[in-house]
Amino acid sequence: KKLVLQWMPERTHSYGEDKSLLKILEDNGFESILLRAGASQPDPWVNAASYATEFKKIKFMIAVNPAMMTPVYCAIKTATFQKMFGNRVSLNIVSGANATEQSMYMDNLPIEHRYKRSYEFAELVKQLVETGKVENYCGEFYKIDYAEIQPGSKLDILFAGSSDETIELANNLGSTHYHSMETPNSYLDFRNKINVT
């Protein structure tokens with residue numbers, strides 16, 4: 001299997017610090033950088049578009065919280081980015097932050113329901129971006145009779161975390177499951193849960 005190097009910058013980085021970091025990462029063969037989503041973070045889509053005009057190789061893993069936008073709007077943003085900058089964007093679907101932050105988005109779903117919503121969200125976004133169309137989708141959280149957008153291209157969906165629910169999401173729908181580097185024992189314990197060899 002191919003080893004892919006990706007970077008997750010510190011939450012406290014300024015735009016200028018991340019810009020300097022991107023130069024180092026691109027020059028040293030890193031494939032992509034994660035741009036977080038959250039109330040305390042700059043908008044990742046705006047930053048990604050700005051960076052993509054200056055850096056021509058590195059890709060952008062954009063974190064998306066389903067509480068912050070609809071699947072159709074997310075698909076439009078994703079397909080537009082793909083067309084403008086090449087297929088240099090993937091989505092990290094985040095099931096939610098802590099209850100305080102989620103309440104800022106007027107989202108009071110319990111975490112177990114947010115995992116289910118993430119699955120439906122990712123399924124819809126992927127289909128819309130890749131085919132441009134969804135018909136008669138009837139899930140627990142999203143119901144769409146018909147939606148059509150200008151399609152993009154193949155889309156990678158990523159899930160992160162070590163919870164059983166996140167690993168199940170990644171195994172069932174994700175293009176990739178990624179895990180931050182931790183101690184060797186915690187990594188081995190995580191690896192035993194997922195469907196990789």
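Structure first, text after, so check above.
Described below are features of the structure shown in this document. (Residues numbered from 1 in each chain as written. Predicted model: local features only at pLDDT ≥ 70, side-chain atom pairs only at ≥ 80, totals over all residues. Heavy atoms only, no water.)

## Here's the deal with the packing of aromatic side chains
For the coordinates displayed, the defined rule picks out 4 aromatic pairs. Ring centres 6.1 Å apart and planes at 75° place the aromatic pair Phe 60 and Phe 81 in the edge-to-face group. Here Phe 60 is found in strand S3 (residues 59-64), whereas its partner Phe 81 is found in helix H3 (residues 71-85), with 21 residues between them in sequence. Of the two residues, Phe 60 and Phe 81, neither departs from the other in class, the shared state being buried. Measuring from ring centre to ring centre gives 6.3 Å for Phe 121 and Tyr 142, while their planes differ by 55°; the resulting arrangement is tilted. With Phe 121 in helix H5 (residues 111-131) and Tyr 142 in the loop between strand S5 (133-138) and strand S6 (143-148), the pair connects residues that are 21 residues apart, well separated along the chain. Judged on exposure class, the residue Phe 121 and its partner Tyr 142 are both buried. (Phe/Tyr/Trp six-rings, centres within 6.5 Å; stacked < 30°, edge-to-face > 60°. Helix = DSSP H or I, 4+ residues; strand = E, 2+ residues; numbered from the N terminus. Buried < 20%, exposed > 50% of the residue type's maximum accessible area, 1.4 Å probe, protein only.)

## Things to note about the packing of helix H2 (residues 44-54) against H3
At a minimum axis separation of 11 Å, H2 and H3 run at an interaxial angle of 5°. Considering the angle they form, H2 stands roughly parallel to H3. Here H2 contributes Trp 45, Ala 48, Ala 49, Ala 52 and Thr 53 to the contact with H3, which in turn contributes Cys 74, Lys 77, Thr 78, Phe 81 and Phe 85. Tallied by class, residues from the contact of H2 with H3 come to 7 nonpolar, 2 polar and 1 charged. (Axes fitted to C-alpha atoms, helices over the stretch in contact; angles between N-to-C directions. Parallel < 35°, antiparallel > 145°, perpendicular 65-115°, else oblique. Contact = heavy atoms within 4.5 Å. Nonpolar A, V, L, I, M, F, W, Y, C, P; charged D, E, K, R; others polar.)

## Side note on the pairing of S6
Pairing of S5 with S6, which is carried by 5 bridges, proceeds in the antiparallel orientation. Across the sheet, residue Val 134 finds its bridge partner in S6, namely Ala 147. (Pairing = 2+ DSSP bridges.)

## Quick look at unusual backbone geometry
Positive phi is not limited to glycine here, since Met 106 has a value of about 60°. For Met 106, the position within the fold is in the loop between helix H4 (99-104) and H5. What makes Met 106 exposed here is its relative accessible area of 75%. A positive phi is found at Asn 136, a non-glycine position, where the angle reads about 50°. In this structure, Asn 136 sits in strand S5.

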